[in-house]
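Spelled out from the first residue to the last, the chains are:
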Amino acid sequence: MARNSAAAIFTRVFSFYRDGFRNMSDWGRKVWIIIIIKLFVIFVLLRLLFFPDLLKKNFENDSERGNYIREHLINSE
Amino acid sequence: MFENIDLSLVNWSRGQFALTAVYHWLFVPLTLGLSFILAMMETIYVRTGDPEWKRLTKFWMKLFGINFAIGVATGIILEFEFGTNWSAYSWFVGDIFGTPLAIEGIMAFFLESTFIAVMFFGWNKVSKRFHLVSTWLVAIGANLSALWILVANAWMQNPAGMVFNPETARNEMNSFWEVLFNPVAADKFLHTITSGFVLASMFVVGISSWFLLKKREVLMAKRSILVAGVFGLLASVMLALTGDMSAKTIAKYQPVKFSSFEALYNGRENAPLVAAGILRKEGEKVGERHLPSFVFRIEIPGFLSVLTTGDKNAYVPGINDYIYGNPERGIMSFSEKKERGETARKALLDYKTAVDNGEKEKALDLAEQFTSEGFRENYFRYFGYAYIDKPEDIIPNVQVSFYTFHLMVMLGFLFILQFAVVLWLLFAGSLERYRWWLWVMLLSIPLPYLASELGWVLAEMGRQPWIIQDLMPVHIGVTSLKAGNVQVTFWLFALLFTALLAAEVSIMVKQVRKGPEKRED
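Residues numbered from 1 in each chain as written. Chains lettered and ligands numbered in written order. Predicted model: local features only at pLDDT ≥ 70, side-chain atom pairs only at ≥ 80, totals over all residues. Heavy atoms only, no water.

Scanning chain A from terminus to terminus reveals four helices and zero strands. In terms of overall size, chain A is more extended than a compact globule, its C-alpha atoms giving a radius of gyration of 24 Å where 77 residues would be expected to give roughly 11 Å. Each of the three principal axes of chain A carries a C-alpha extent, and together these read 60 × 40 × 20 Å. For chain A, the accessible area works out to roughly 5300 Å², and carbon and sulfur atoms hold 63% of it. (Helix = DSSP H or I, 4+ residues; strand = E, 2+ residues; numbered from the N terminus. Rg over C-alpha atoms; globule rule 2.2 N^0.38 Å. Areas by Shrake-Rupley, 256 points an atom, 1.4 Å probe, with all protein chains shown as cover.)

On to the confidence of the model for chain B, then. Averaged over all residues, the pLDDT of chain B is 91; the fraction at 70 or higher stands at 98%. The lowest-confidence element of chain B is helix α5 (residues 95-121) of chain B, averaging 80 in pLDDT; the highest-confidence one is helix α17 (residues 435-443) of chain B, averaging 97. (pLDDT = per-residue confidence, 0-100.)

Here the focus is the domain arrangement of chain B. All names here are of chain B. Looking at the assigned domains, one finds that chain B contains domain 1 (7-254 + 397-461 + 463-514), domain 2 (265-330) and domain 3 (334-392). Between the C-alpha centres of domain 1 and domain 3 the distance comes to 38 Å. Opposite the 16 residues of domain 1 that make contact, domain 3 presents 14 residues. With both sides pooled, the region where domain 1 packs onto domain 3 buries about 1200 Å², and carbon together with sulfur makes up 74% of that total. For the domain 1 face of the interface with domain 3, the top three residues by lost area are F164, P166 and D470, together amounting to 41%. Across the contact surface, domain 1 and domain 3 share zero salt bridges. (Domains from an automatic or database assignment. Contact = heavy atoms within 4.5 Å. Buried area = accessible area lost by both parts, 1.4 Å probe. Salt bridge = Lys/Arg side-chain N within 4 Å of Asp/Glu carboxyl O.)

As a further point, take unusual backbone geometry. All names here are of chain B. Between Q464 and P465 the backbone carries a cis peptide bond, its omega angle lying at 10°. As for its position among the elements, P465 is in the loop between α18 (446-461) and β7 (466-468). Within the chain, K215 stands out as a residue other than glycine whose phi angle is a positive 55°. Tracing the backbone shows K215 in the loop between α8 (183-213) and α9 (218-253). Classification of K215 by relative accessible area gives exposed; the value is 64%. Phi at A263 is positive, roughly 50°, even though this residue is not glycine. Within the secondary structure, A263 sits in the loop between α10 (255-261) and β3 (268-269). (Buried < 20%, exposed > 50% of the residue type's maximum accessible area, 1.4 Å probe, protein only.)

Let us now look at the packing of aromatic side chains. Residue and element names in this part refer to chain B. Evaluation of the coordinates by the stated rule reveals 45 aromatic pairs over all chains. Centroid distance F36 to W136: 5.9 Å. Interplanar angle 65°. Geometry classified as edge-to-face. Residue F36 is found in helix α1 (residues 7-48), and its partner W136 is found in helix α6 (residues 128-157); the two are separated by 100 residues along the sequence. F36 sits in the buried class, given a relative accessible area of 15%. Taken together through their ring pairs, the aromatic side chains of F92, F164, F370, F375, Y379, F380, F383 and Y387 make up a single cluster. Of note, R170 hangs over the ring of W91, and the distance from its end group to the ring centre comes to 3.8 Å. The cationic tip of R329 hangs over the ring face of Y315; the distance from NZ or CZ to the ring centre is 3.9 Å. (Phe/Tyr/Trp six-rings, centres within 6.5 Å; stacked < 30°, edge-to-face > 60°. Lys NZ or Arg CZ within 6 Å of the ring centre and 35° of its normal.)

By size, the foremost hydrophobic cluster in this structure holds 157 residues, and its most contacted members are L73 of chain A together with W60, Y89 and F203 of chain B. Looking at this core element by element, the count peaks at 17 residues for α8 of chain B. Those residues in contact with Y89 of chain B, other than ones at most four positions away along the chain, are F82, F97, M156, I467, I468, M472 and G477 of chain B. (Core = buried A, V, L, I, M, F, W, Y, C linked by side-chain atoms within 4.5 Å.)

Taking 1.5 Å per residue, 30 residues should reach 44 Å; α6 of chain B reaches 44 Å between its end C-alpha atoms and fits that length. A large share of α6 of chain B lies buried, amounting to 21 of its 30 residues. (Expected span 1.5 Å × (residues − 1).)

Here the structure, examined in full by the defined rule, presents 18 salt bridges over all chains. Put simply, K352 of chain B and E71 of chain A hold a salt bridge, and the shortest N to O gap is 3.2 Å. Taken together, the positions of K352 of chain B in helix α13 (residues 334-356) and E71 of chain A in helix α4 (residues 62-75) put the pair across two chains. A relative accessible area of 31% places E71 of chain A in the partly exposed class. The salt bridge partner of R55 of chain B is E52 of chain B, with a shortest N-O separation of 2.8 Å. One end of the pair is R55 of chain B and the other is E52 of chain B, both in helix α2 (residues 51-71) and three residues apart, which spans about a single turn. We classify R55 of chain B as buried; its relative accessible area is 9%. Salt bridges here are not isolated pairs; linked through shared partners, they connect E71 of chain A together with K352 and D356 of chain B.

Spelled out as structure tokens, the structure:
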């Protein structure tokens, strides 16, 4: 019974989104294309190629990262 | 990673962050304000049942959707920059920054995937009331999302609710409530969201004025001006009040920044407010630095003392008080703060030496010292001064602070006047006759954007040289990358954001020209 009602809610939610996207206006489609291109540029091109998390990349664990920053705080002028 | 940091790298990294933040902020305030205007319009529709209100709500919702869709995720880039360009800073702030940003991310995800979908897909599919509730929740949720970002920013302006752990070299949150209820956060949040309300109101009034000029959709335009005009007038009065609150908070927690707003070098009683003025490049000298002085100024006697403390005769400290100290007024000099900062740094060095030598007990004692309130308040609080050589280096760019502050305030008062006049003409029934005024309102759409960006320039450039007030100067927070690499990403962002902005403006202009959907009857 509970499983049936959960499935019914899921179906309703799914068809709500499906119909919404299907009946989207011209401007809506255009902005979705922009969103997809933008997310690709941000998360794939920029993140992977230009913006690595340097402390994560260069050190294996938080202890090494902490030691490195502590040295930086002590020795910088 | 941090060796040989040169000035050009620091400046390019700052420029890159500023560019990203400035572009991101072109999209955000319209979302903050327009969401509430939509909610009010839809409320009138649900209460009256008049389909014209539904039609105009849908029209403004379309413009809201375009702005939201194009602006969404542009702020994520700032988080990438933290990890790459500001890794020492990111590590040092620890979970204090991470927690509010994570709450914001989760909130934004649920908000966007549920209630915004109902707003756009739910007309005629869910009940009127559920749709209305969704629209209100989008407005409240968007503004609460902004709260968490502003809480994180406020912590940089006034670090609170944390303890530095020398073992991890990070600040750790010891009071979530102190971080959340940081006085700077409360003022910043109220001032920022009200600026978004004003901006969105001007946007709606400006576009509606265009419809009136074109003699199109007259009823929709007038109703939109009514809602946005009233909201804009109330919000612009609130903006002035929250600006005053914010200035008082800055005077308390970032006094050098506050003095630079007014180019006030020497503190005084019965301090005048400079209503307007022109600065020449040089004239004052602090240490080796030449600072601007006034060529011309219009002053309101005693008003700065009144605004700061409520008392006309109160003493308002100037920049020199914070450089040379003023024991009579209980103000510490730069050199005293530097000494205390160096003591805190020495404690960190002693901790490291103890750990390296295997002196566990000594290391524990030193770590304990960082948690004691006395050490935090008297020494660690000034940690960043250990990195500053000359006293004059704690003074921000006075010209930038003075002009951005005064221009922002002048624009703020202009908005009150503009909303009052447009409402007066609307109620008098003569708005369409004053075509020149409609043009003024249309051409004023960029002004709140300008004022809002000036506010951020003031907040961020006014707190230089600090990336975290008194704890970390900018050059210590930056990662040593090749300045050329930062330049490449700077121009990439400039290209990406300009393309997004051009897309937004072009789609919006097209949709405005097209106007609202045809009447359903």
